[in-house]
Amino acid sequence: MSQSLIRAISARKNQFGIGFYNRCTYSRQFHSQWQIIAPILCKHSSSVRPRNGFCSVSSNGVIDTNLSSDGNTIDIEDDVSCKKPKVVYKKPIDFTKIDAKLLPTVMIIGRPNVGKSALYNRLIRRREALVYNTPDDHVTRDIREGIAKLGGLRFNVLDSAGIETEVSSGTILGRTTTMTANVLARTQFAILIIDVRAGLHPLDLEVGKWLRKHAPQIKPIVVMNKSESIGDSLAEVSSEALALGFGEPTAISAETGLGMTALYELLRPLLEDYMVEKLNDSCSQDDVPSDENLSDEIDESKLPLQLAIVGRPNVGKSTLLNSLLEEERVLVGPEAGLTRDAVRVQFEFQDRTVYLVDTAGWLERTDRDKGPASLSIMQSRKSLMRAHVIALVLDAEEIIKAQCSMKHSEVVIARRAVEEGRGLVVIVNKMDRLKGKQHSEMYKKIKEAVPIEVQTVIPQITGIPVVFISALEGRGRLQVMTEVIDTYKRWCSRLSTGRLNRWLIKVMSRHSWKDSASQPKIKFFTQVKARPPTFVAFVSGKTQLLESDIRFLTRSLKEDFDLGGIPIRIIQRAVARTAPKTSGGGGSGSGTGRSSGGRVVKKTNSDKRTVSV
C-alpha cells in the first residue's frame, strides 16, 4: 500500500504539482497522518507542501501553510530525522486565539494620581480598579492584574501603585514601590503615564530614573493622560516629555478613550514580535493536544475555582493570600484597612486553576464612610457575589478577648454567602499567638468551641469545615486549600435520578410523619442543577411538604451523600392527580375524565412551587 501511495503522489506531482491527500490547516488529523506518511516520503527525499488549502509535493523538506488551527500564520518544517514537523509562527498574530498564560505582560507605571487605574479600567473594559480623586492620598496600593482588550490585541495588564522614590522603606509608599519593582522585573513591557495638565513634573523625571535602574531592559511607551481638554499646550508638554529619554509621547484620555487607536498602533508591533519569538520557542510536536483531552463532557469540578478571602479588617487576609502563593504578592502590614482594591490573582494548585481574591476588610457601611473606604466596602460585597467558595477568616486573639467566635459583621458575611448559594470554609488565623504552655489550655478550648459555635450561628449548613492556621508562619496552608477544593467538589456534585429515587424510598420510610393519612407523596425526585446542588421534588396532589420535611430531606442528603459545608436547595412542584377511568370512555387521550356523578372533570397542571434554602 505504501508503494502505491508513493506512486500516486509522484504522478500527481508530475502532472499538476498538487497532491490531494488532505486539507492542509495544521490540525491533529494532519499531524497524525503526517506521522504515517513522512517516513515513507523521506525515503524519496520529498515532503508535502500545502498550497491553497491542498498539499503539494516538494523536495526541499519544508512545508509552509497559510493558517494554523488557531488562525495564526505558521510554517511547518520537517526536522533532520524526518520524524516530526516543526511549527514556525509568522506575523500577523491573532491574539484572541492565544492561551492567556502565553500572553505578554504590560505594566502601567507613573507617579501618584496620573490616571493609571483609569487606563487599566479602559483596557480591561470593566470598572474593577478603584478610581477616586485624592491629591493627598494614594488609592491604589496593590498590583492588580487583568486581560487587556485593545482592538485585536490581548495582553496581561498590571495596574501599579504610584511610585515615589524619595520615601523611607518602612512607610506604605516605600513598601508599595519595592513591590512594584519586584513585579516589574518579570514584566516585558511598560506604559509610563504623565499628567498633561500638570506638565512634566519633577517626580516624572524621578520615575524615569527609577525605571532605568530597576528595569533597564524595558523601554516604556510614554503617554500623556487627561488630554481631552488640552489645546495649544499639548505640543509644549509633548516637547517637555522628550526629556524623559523614552521617545515621543502619545496623547490619550483614559476617561474618554481618546488616543486608544494611537496606543494600539504603538503596542501591536512590539507585542507581535514578542509573541512570534515566544510561540516559536515553546512550540513543538508535543504541543499538539491529544485526543484524550477532546471529550465533549466537561467535569464542572475541574473548572477554574473562584475563592474569595473575606473577613473584618486586620485579621490576616492579605497574609493568607501571600502564604498560599508563597510570595509577597499583596501589601501587608500592621495598619488596619491597608487593602483597598479587591486583588485577583491566578495560581495553580494540584493541576487546578484557582483565582484568589483578596478583599478589603468587611465593615458595615455608614454615612461616615466616604471616598475610597466606601468604594472598598462595595467592591468586597461584589467579590463575594462572584466567588464560588468563601474563605471567612477569623482572628484567634479577638476570639479570646470577645469570648465569642463570630462578631456581627462576620455572621453577616457567612449568612450572605449561604443566601447566595456559595460554599463556606471558616479559617481561624493567628494561632501562633497561642503558643507556649501558658496558652495551651486556651488553644484547646478554641479548637473545641469554634466549630460548635459556627454551626450554631449558621444552622442552614451542616458540616462547615473549620481550619486553624498561622498565615504568618505558613502553617495550615495545604490544609486550607484541601478543604477549599473538597468544598468546591461537593458544590459542583451531581447525583443521578435513579440513585436519588432509590435513596428517596429508603429515607421516606424512616421519616416519622405525624399523620400518615395526610402524608404527602413524592412521586419523583431529581437534581436539576449543580453549583449549588438544586433538587426538585414532584409532590402528588395539592399537598405541600412542610418546612420540617424540607429540613429532613436536606439533612438526609448531606449525611447520605457527603454534601456538608454547602447550601442545598429543594424546589417543590405539585403534580395533578389523574381522574379514574369509567366505562363511559374518557380515555387518556381525551384530556377529560368522568366522576361517579357524571360530571366532566378537566385535567389541569398546577405550577405551584416552594423554594427552600
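The preceding data block contains the structure.
Residues numbered from 1 in each chain as written. Predicted model: local features only at pLDDT ≥ 70, side-chain atom pairs only at ≥ 80, totals over all residues. Heavy atoms only, no water.

Enquirer: Give a description of the overall build of the protein that names residues and reports values.
Expert: The secondary structure content of the protein amounts to 15 helices and 23 strands. Within the span of the protein, comprising 613 residues, buried residues form 49% of the whole. When contacts within the protein are restricted to residue pairs at least 6 apart in sequence, those whose partners lie at least 24 apart make up 69%. (Helix = DSSP H or I, 4+ residues; strand = E, 2+ residues; numbered from the N terminus. Buried < 20%, exposed > 50% of the residue type's maximum accessible area, 1.4 Å probe, protein only. Contact = heavy atoms within 4.5 Å.)

Enquirer: Could you give an account of empty space enclosed by the protein, naming the residues involved and the relevant values?
Expert: In the structure shown here, the tally under the stated rule is three cavities of 30 Å³ or more. Taken as a whole, the largest cavity holds about 50 Å³ of empty space. Take the lining of the largest cavity: its biggest share by element is three residues, from helix 10 (residues 396-402). Taken together, the residues of the lining of the largest cavity break down into four nonpolar, one polar and five charged. (1 Å grid on protein atoms, 1.4 Å probe; cavity = no way out; pocket = protein on both sides within 12 Å on 5 of 7 lines; lining within 4 Å. Points joined across faces, edges and corners; volume = space filled by probe spheres on them. Nonpolar A, V, L, I, M, F, W, Y, C, P; charged D, E, K, R; others polar.)

Enquirer: Talk me through the layout of surface pockets; I want residue IDs and the actual numbers.
Expert: Here the largest pocket defines a volume of roughly 1500 Å³. If you go around the largest pocket, you meet 49 residues; those closest to its centre are Glu145, Gly146, Arg344, Val345 and Gln346. Per-element accounting of the lining of the largest pocket gives the leading share, six residues, to helix 9 (residues 372-386). Broken down by class, the residue content of the lining of the largest pocket amounts to 22 nonpolar, 11 polar and 16 charged. Two domains share the lining of the largest pocket, each providing at least three of its residues, namely domain 1 (105-280) and domain 2 (305-492). Considering the residues around the second largest pocket, the lining is formed by 31 residues, among which Asn314, Gly316, Thr319, Val332 and Gly333 are closest to the centre. Among the residues forming the lining of the second largest pocket, the class breakdown is 10 nonpolar, 13 polar and eight charged. (Domains from an automatic or database assignment.)

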